[in-house]
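If you want the building blocks of each chain, they are given just below.
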Amino acid sequence: QVQLVESGGGLVQPGGSLRLSCAASGFRFSNYAMNWYRQASGKERELVATIFSESNYTIYTESVKGRFTVFRDNAKNVVYLQMNSLKPEDTALYYCNTKIYVVPEGLVDYWGQGTQVTVSS
């Protein structure tokens, strides 16, 4: 079955850096786009970054452009989110996600358990 396991969260001071990892299994990782979402307390979950499968093309939400980088290692089935110049407003639970077409359900969202990132002095 599809499994996504995030790691790398923690407490960091403003301006610091963290690298999140998401280890994937149970599907052909290299064939699928991978997403990072986050959800801050009391707010809706938002899409932070996407990396596509074949081209490695990436997209980011405006608030993280120039600070976050998403990249993947298809040999290891891992997707990363490098987060630099962290701000308190980046504090959230970060989730790894992929969307796979499954018969007969259709497009199914798969989620990891999340990893907490807290940016505070």
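Check the entry above for the structure.
Residues numbered from 1 in each chain as written. Predicted model: local features only at pLDDT ≥ 70, side-chain atom pairs only at ≥ 80, totals over all residues. Heavy atoms only, no water.

Section: the environment of N97
Here is step 1 of the chain: Counting through the fold element by element, N97 comes out in strand 9 (residues 92-102).
Here is step 2 of the chain: In the structure, N97 is positioned 13 residues away from N84 in sequence and 21 Å away in space, judged by C-alpha atoms.
Here is step 3 of the chain: When sequence neighbours within four positions are dropped, the list of residues in contact with N97 reads L4, A33, M34, N35, Y37, D109, Y110 and W111.
Here is step 4 of the chain: There is a polar contact of 2.8 Å between the side chain of N97 and the side chain of N35. (Helix = DSSP H or I, 4+ residues; strand = E, 2+ residues; numbered from the N terminus. Contact = heavy atoms within 4.5 Å. Polar contact = N/O pair within 3.5 Å; in protein donor to acceptor, adjacent residues only side chain to side chain.)

A look at the packing of aromatic side chains
Here is step 1 of the chain: This structure, assessed with the given rule, holds six aromatic pairs.
Here is step 2 of the chain: Aromatic side chains F52 and Y57 sit 6.0 Å apart centroid to centroid with 35° between the ring planes, which places their arrangement in the tilted category.
Here is step 3 of the chain: You can call Y57 exposed: its relative accessible area is 52%.
Here is step 4 of the chain: Measuring from ring centre to ring centre gives 6.1 Å for Y95 and W111, while their planes differ by 85°; the resulting arrangement is edge-to-face. Highlighted residues: Y95 in strand 9 and W111 in strand 10 (residues 106-111), separated in sequence by 16 residues.
Here is step 5 of the chain: The rings of F27, F29 and Y32 are connected pair by pair, giving a single aromatic cluster.
Here is step 6 of the chain: When the ring centre of F29 is taken as reference, the NZ or CZ atom of R72 above it lies at 4.5 Å. (Phe/Tyr/Trp six-rings, centres within 6.5 Å; stacked < 30°, edge-to-face > 60°. Buried < 20%, exposed > 50% of the residue type's maximum accessible area, 1.4 Å probe, protein only. Lys NZ or Arg CZ within 6 Å of the ring centre and 35° of its normal.)

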